[in-house]
Amino acid sequence: MAALLRGACAIAGNHVAGRLMEFSIYIVVCADGTYYTGIAVDVARRLAQHNGQRPLGARYTAARRPVRLVYEAKLPSRSAALKEEIRIKRLTREQKRELVEGSQPG
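As the structure is a prediction and not an experimental result, all values here were calculated from the model. (Residues numbered from 1 in each chain as written. Predicted model: local features only at pLDDT ≥ 70, side-chain atom pairs only at ≥ 80, totals over all residues. Heavy atoms only, no water.)

Q: Help me out: how do you make sense of the overall build of the chain in this one?
A: Assigned secondary structure in the chain consists of 5 helices and 6 strands. In sequence order, the secondary structure elements of the chain are arranged as α-β-β-β-β-β-α-α-β-α-α. Per-residue burial over the chain gives 35% buried out of 106 residues. About 7000 Å² of surface is accessible on the chain, with carbon and sulfur atoms providing 56% of the total. (Helix = DSSP H or I, 4+ residues; strand = E, 2+ residues; numbered from the N terminus. Buried < 20%, exposed > 50% of the residue type's maximum accessible area, 1.4 Å probe, protein only. Areas by Shrake-Rupley, 256 points an atom, 1.4 Å probe, with all protein chains shown as cover.)

Below is the structure:
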């Protein structure tokens, strides 16, 4: 039990074992053309989960594989990432497409 409590105390706010964590907001496009938005500390790992290469992918993307990363932005805190996720999820499909296209180089 004490080890469990120590583990819980190691994760506080945006710090894990004294390290500041950076969160990312990401958008993937699914095989059926729909967008899925989420947050993650490790976007590459999360993308592998969505594509079934690792356990714990979202139910939504499991039925729409493969998915492809089309947008990623770094944010300083989990709170900021969650707020941005909510903002993006409220956008129309066209607005999401514009956000994705506006983030592409060239």
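Q: Could you clarify how one ought to interpret the side chain of E85 in this entry?
A: With respect to the helices and strands, E85 occurs in helix 4 (residues 78–89). Residue E85 is classed as buried on the basis of its relative accessible area of 12%. Contacts of E85, omitting those with residues within four sequence positions, involve I25, T37, G38 and I39. (Contact = heavy atoms within 4.5 Å.)

Q: Help me understand the nonpolar core in this model?
A: Inside soluble globular proteins, nonpolar side chains tend to come together where they are buried. Formed by 16 residues in total, the largest nonpolar core has its most connected members in I25, I27, Y71 and I88. Looking at this core, the elements that each hand over two or more residues are strand 4 (23–29), strand 5 (35–40), strand 6 (68–75), helix 4 and helix 5 (93–103). Contacts of I27, omitting those with residues within four sequence positions, involve Y35, Y36, T37, R68, L69, V70, Y71, I88, L99 and V100. Within the second largest apolar cluster, 8 residues are counted, among which are Y26, V28, V43 and A58. (Core = buried A, V, L, I, M, F, W, Y, C linked by side-chain atoms within 4.5 Å.)

Q: Teacher, can you tell me more about the pairing of strand 5 here?
A: Within a regular strand, the side chains alternate between the two sheet faces. For strand 5, a buried count of 6 out of 6 residues is recorded, marking the element as mostly surrounded by other parts of the structure. The two faces of strand 5 match: Y35, T37 and I39 on one face and Y36, G38 and A40 on the other face are all buried. With 6 bridges joining them, strand 4 and strand 5 adopt antiparallel strand pairing. Residue Y26 lies in a different strand from strand 5, and its bridge partner there is G38. With antiparallel pairing between neighbouring strands as the criterion, strand 4 and strand 5 make up a hairpin whose turn holds 5 residues, including G33 at a positive phi of roughly 90 degrees. (Pairing = 2+ DSSP bridges.)

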